[in-house]
Amino acid sequence: MSLFAGIDASNYPGKLVMDAIWATSNIYWTGMYLDSPAPVPGEVSTTKPKNGHNRMGGIGAHSVGSWMRAWGEIYDGTWGILPIYWGHQDPANEDGPIDLRESIAVANAEDAALKAISAGIPSGAVLYLDWEIGGTPSAAGITYCRTWFRRLSELGYRPGVYCHPPSSQRFRLECPHMFVWSVNLASQAGGISIVDNQLILDTPSLVVDGGEPPDRDAIARQWKHRLGPPPGGPISGFPSIIDADVAAVQDPAFPERRNQPMEIRSGPITATTGTLDWLAAYAVRRGKVVRVTWSPGAESLDADLVGSMSTGWLNPFVPISATRQDINGATVEWFAALGWDEAENDSTWRIRTFRGEAGGAWEEIVLFSGSEIEPLPGTVISQRRGATPEVFALDRNAGAIAGARWDETLHAWTTPQVLMAPNGPAAPFPIRTNGFAALSRAPGLLDLFFVGTDSLVRTSYSTSPSAWSDSFVIGDPTVRVHAMANLAVISPSPDRIEVVFIGRRDGDPNLRLYAIGWSQGQQWASPGTREIGGSVPLEPMSRIAISSRRAEFVDVFVVDQNGQLHN
């Protein structure tokens, strides 16, 4: 598996040229410059000779930047795109502008989201802020970028950054799960060559020591400036000045779409509990699942649950899930993730489950279906109390959640089917960035939770795998979930459900922690939606977790904007 070659150029060469590049080169992705912002009222004026990429594009007499039409013309399941937004810069950067106040950052983030919408880029995409200065960012630069990242995430786009490694390593302290396009020119060797009438762009390593210390968690790297095509190349109109790039993902706007998992050091984590003195935590590292278990005085780590038995690679960017159950007196653990097999196309994501009995070997069981899975929400595995597990993922073709159940007699999963309610899919059109959750409060029952396009929490319940209710809104309709916040759900007893999330009440500028409660007697009407946890400044891009020690206790864990963990 090789890295993905990419290019970025100031001007869009047009669809015909891009089609020719795709057909006659090894280049998979391209940068895409969104129009830069018009001056914000009250912005500090600048007299610097340069003002970014297409400053004021589309405003007044200024022409719209050529890249603004690229998404609609070439993003058709082939090209990967890295959307770039040029906002304000450090005063040491001659390209300006240089107003780094928080109000300007908010205005620029809002402008970036509007430009992305205008360009046809869907919500959930990563937008990369162009931060050009080398070295560690100034205090004002940190404030500007942090504010831009946070405001952009509220608007439904995921934050990314183009910058030098010292900057990205500092920005990671401000923005969890940030995607980085690193400028690292430590090695200028290499370029473009012609092989069998194909234009071949070199794909050097993502991480090169030398000069600035590299960012080892960057997913993309700009490795050479101003690299023109070789004489006699096969592509007429190939940009005369480009920057050469390489990435571990084929589509930096949606990194989970196609990637090289073994190049990604980190990944999601999940946990299960069994008895009061036992815990298992699962994580994806370099495309494989690792597991650590804990009990008093007995920790153990499994480097790879299934070892050489698995030919699969797991998606390192999407949520994973695990559960634990007793079957015929035996304790069985389950882990579920999205992945692909070495023998398959590496953009065909399937649900990969791992099953292990206490003291026995682990085995991998892969679910196959005729539908294409949307990878961004990940997968959820759950079980009705007293029954075998069920696993869920988002069916891209149907735009709804599909599920399958484990047949212990056949030792196999059923074929995934869209969850159907009397009036259509049980969970249609969930927001992809929030993901979804499931739990069982009583034998035979399963409840599914997701965030609708109105940013409100919805649920559908099931009395059997084939019988689902129509989905409906729960909680206060004036409290909306943050676009990047997950739903943490738990049923500490058969007559109680708690759904916890980070959100904002209409008219309230502050993000807060909310809980929606269900009880057997009052259903979802009471205690309804209430604010919990006080006025801690929350970090909604860091996932929250929930657990129950016993029926009368629920613990919620949340990270604040300073990176501190709260309970």
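No experiment lies behind these values; they were computed from the predicted model shown.

Asks: Looking at this model, I keep getting lost on helix H3 (residues 102-118). Mind explaining?
Replies: The α-helix winds at 3.6 residues per turn, so residues separated by three or four positions along the chain end up facing the same way. Between its terminal C-alpha atoms H3 stretches 24 Å, which fits the 24 Å expected from 17 residues at 1.5 Å a residue. Those residues of H3 that sit buried are Ile-104, Ala-105, Asn-108, Ala-109, Asp-111, Ala-112, Ala-113, Lys-115 and Ala-116. The elements touched by buried residues of H3 are strand E3 (80-85), strand E4 (126-130) and helix H4 (139-154). At the exit of H3 stands Gly-120, carrying a positive phi of roughly 90°.

Asks: Hey, could you run me through the pattern of salt bridges in this one?
Replies: Pairing between side chains becomes possible if they bear opposite charge and their charged atoms approach one another. The full count for this structure, using the stated rule, is 35 salt bridges. Among the ionic pairs, Lys-115 bridges to Asp-111, the shortest N-O distance being 3.0 Å. In this pair, Lys-115 and Asp-111 are both assigned in helix H3, four residues apart and thus about one turn of the helix distant. Here Lys-115 and Asp-111 have matching classes, each one buried. As a salt-bridge pair, Asp-476 and Arg-505 come within 2.7 Å of each other at their nearest N and O atoms. One end of the pair, Asp-476, is in the loop between strand E31 (472-473) and strand E32 (479-481); the other, Arg-505, is in strand E34 (residues 496-505), and 29 residues separate them in sequence. Sharing partners across several salt bridges, the network here consists of Glu-110, Arg-151, Glu-154 and Arg-504.

Asks: Sorry, what's going on with empty space enclosed by the protein here?
Replies: It is a probe the size of a water molecule, rolled over the atoms, that shows where empty space is left. Per the stated rule, a full pass over the model turns up three cavities of 30 Å³ or more. By volume, the largest cavity amounts to about 110 Å³. With three residues, strand E21 (residues 389-395) is the single largest residue contributor to the lining of the largest cavity. Looking at the lining of the largest cavity residue by residue, the class counts come to eight nonpolar, two polar and one charged.

Asks: Would you explain the packing of H3 against H4 in this entry?
Replies: Geometry of a packed helix pair, given as the angle between the helix axes and the separation of the axes. Contact pair H3 / H4: the axes reach a minimum separation of 8 Å and the direction vectors enclose 40°. Relative to H4, the element H3 lies oblique. As for how H3 packs across H4, the hand of that crossing is right-handed. Contacts between H3 and H4 pair Glu-102, Ile-104, Ala-105, Val-106, Asn-108, Ala-109, Glu-110, Ala-112 and Ala-113 from the former with Thr-143, Tyr-144, Thr-147, Trp-148, Arg-151 and Leu-152 from the latter. The class makeup of the residues in the contact of H3 with H4 is nine nonpolar, three polar and three charged.

Asks: Even after reading the chapter, I still don't get the sheet that holds strand E6 (residues 179-183), so can you show me in this structure?
Replies: Where strands meet in a sheet, backbone hydrogen bonds hold them as pairs that are either parallel or antiparallel. What the eight strands build is a closed barrel, ordered E1-E2-E3-E4-E5-E6-E9-E10; its pairing is mixed. Each strand axis lies, on average, 25° off the axis of its neighbour in the sheet, ignoring direction. Relative to E3, strand E2 (residues 27-33) is paired through five bridges, and the arrangement is parallel. Its bridge partner being in E3, Met-32 is matched across the sheet by Pro-83. In the packing of H4 onto the sheet, the strands contacted are E3, E4 and strand E5 (158-163), and the crossing angle to E5 comes to about 150°.

Asks: It is not clear to me how the environment of Pro-122 should be interpreted in this structure. Could you clarify?
Replies: Mapped onto the elements, Pro-122 comes out in the loop between H3 and E4. Classification of Pro-122 as partly exposed rests on a relative accessible area of 32%. When the C-alpha atoms of Pro-122 and Ala-253 are compared, they prove to be 9.7 Å apart, with 131 residues separating the residues in sequence. Leave out the neighbours within four places in its chain, and Pro-122 touches Trp-71, Tyr-157, Phe-254 and Arg-432.

Asks: Would you take a moment to explain the pairing of E6 for this structure?
Replies: Regular strands have side chains that alternate between both faces of the sheet. Summarising burial for E6: five of the five residues are buried, a large majority. Along E6, one buried face is formed by Phe-179, Trp-181 and Val-183 and the opposite face, lined by Val-180 and Ser-182, is buried too. With four bridges joining them, E5 and E6 adopt parallel strand pairing. Bridged to Val-161 within E6 is Val-180. Handedness of the crossover joining E5 and E6 through helix H5 (residues 165-171) is recorded here as right-handed. In the sheet, E6 pairs with strand E9 (residues 220-224) via three bridges, with the strands oriented parallel.

Asks: Can you help me understand the layout of surface pockets in this one?
Replies: For the second largest pocket, the calculated volume is near 640 Å³. Lining of the second largest pocket is provided by 24 residues; of these, Ser-10, Tyr-33, His-53, Arg-226 and Asp-243 occupy positions nearest its centre.

Asks: How should I be thinking about the sheet that holds strand E37 (residues 545-547) in this particular structure?
Replies: Spatially, E37-E38-E39 is the arrangement adopted by the three strands of the open sheet, whose pairing is antiparallel. In the strand order of this sheet, the two ends are held by E37 and strand E39 (565-566), each with one partner. The sheet contact formed by strand E38 (residues 555-559) and E39 spans two bridges and is antiparallel. Looking at E39, one finds that Val-559 is bridged to Leu-565.

Rules used throughout
Residues numbered from 1 in each chain as written. Predicted model: local features only at pLDDT ≥ 70, side-chain atom pairs only at ≥ 80, totals over all residues. Heavy atoms only, no water. Helix = DSSP H or I, 4+ residues; strand = E, 2+ residues; numbered from the N terminus. Expected span 1.5 Å × (residues − 1). Buried < 20%, exposed > 50% of the residue type's maximum accessible area, 1.4 Å probe, protein only. Contact = heavy atoms within 4.5 Å. Salt bridge = Lys/Arg side-chain N within 4 Å of Asp/Glu carboxyl O. 1 Å grid on protein atoms, 1.4 Å probe; cavity = no way out; pocket = protein on both sides within 12 Å on 5 of 7 lines; lining within 4 Å. Points joined across faces, edges and corners; volume = space filled by probe spheres on them. Nonpolar A, V, L, I, M, F, W, Y, C, P; charged D, E, K, R; others polar. Axes fitted to C-alpha atoms, helices over the stretch in contact; angles between N-to-C directions. Parallel < 35°, antiparallel > 145°, perpendicular 65-115°, else oblique. Left-handed = near helix turned anticlockwise from the far one by under 90°. Pairing = 2+ DSSP bridges. Right-handed = clockwise from strand over helix to strand, strands pointing away.

Just geometry here; none of it tells us what the structure is for.
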